[in-house]
Amino acid sequence: FYEARTRGADARLYRLFCILERDPPGWPKSALVIVTGMSKPRGTAFTPGEYERVARLGEEYRARSPRSLTRG
């Protein structure tokens with residue numbers, strides 16, 4: 001997984017959890033797949049359960065055949 005991070009004006013932290021598809025079938029080039037997004041107050045941590053949810057969503061995506069990709 002890759003994690004894209006940013007901070008909002010209210011100091012809330014936002015995360016996008018992504019997978020890099022290097023050679024997706026039927027796709028002309030690599031694709032960055034956004035698995036899910038989460039946010040949290042500054043100075044706090046995500047729980048192990050929240051990270052487990054991210055992992056489950058990634059596993060669900062990888063299990064698809066064909067995988068669902070859209071151009072954005």
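The sections below set out a description of the structure shown in this document. (Residues numbered from 1 in each chain as written. Predicted model: local features only at pLDDT ≥ 70, side-chain atom pairs only at ≥ 80, totals over all residues. Heavy atoms only, no water.)

Strand order in the open sheet formed by three strands is β1-β2-β3, and the pairing between neighbours is antiparallel. In the strand order of this sheet, the two ends are held by β1 (2–7) and β3 (31–40), each with one partner. With strand direction ignored, the average angle separating the axes of adjacent strands in the sheet is 25 degrees. Bridge count for strand β2 (residues 13–21) against β3 is nine bridges, and the pairing is antiparallel. From the neighbouring strand, Tyr14 faces β3, where its bridge partner is Ser39. Packing against the sheet, helix α1 (residues 48–63) makes contact with β2 and β3, and its axis sits at approximately 160 degrees to β3. (Pairing = 2+ DSSP bridges. Helix = DSSP H or I, 4+ residues; strand = E, 2+ residues; numbered from the N terminus. Axes fitted to C-alpha atoms, helices over the stretch in contact; angles between N-to-C directions. Contact = heavy atoms within 4.5 Å.)

The next thing to look at is unusual backbone geometry. Notably, Ala11 is not glycine yet its phi reads approximately 70 degrees, a positive angle. For Ala11, the position within the fold is in the loop between β1 and β2. Given the relative accessible area of 23%, Ala11 is considered partly exposed. (Buried < 20%, exposed > 50% of the residue type's maximum accessible area, 1.4 Å probe, protein only.)

Mapped onto the fold, Glu52 is located in helix α1. Looking at Glu52, the relative accessible area reads 47%, which means it is partly exposed.

This part covers a nonpolar patch on the surface. Taken together, Tyr2, Leu20 and Leu32 make up a surface patch of nonpolar side chains, about 300 Å² in accessible area. On the secondary structure map, Leu32 appears in strand β3. (Patch = residues over 30% accessible without salt bridge, like charges linked within 9 Å, V, L, I, M, F, W, Y side chains within 5 Å. Areas by Shrake-Rupley, 256 points an atom, 1.4 Å probe, with all protein chains shown as cover. Salt bridge = Lys/Arg side-chain N within 4 Å of Asp/Glu carboxyl O.)

Right, let's get into the pairing of β2. Both β1 and β2 contribute to a ladder of six bridges, which runs antiparallel. Looking across to β2, one finds that Glu3 is bridged to Phe17. What sits between the antiparallel neighbours β1 and β2 is a turn of five residues, in which Ala11 has the positive phi angle 70 degrees.

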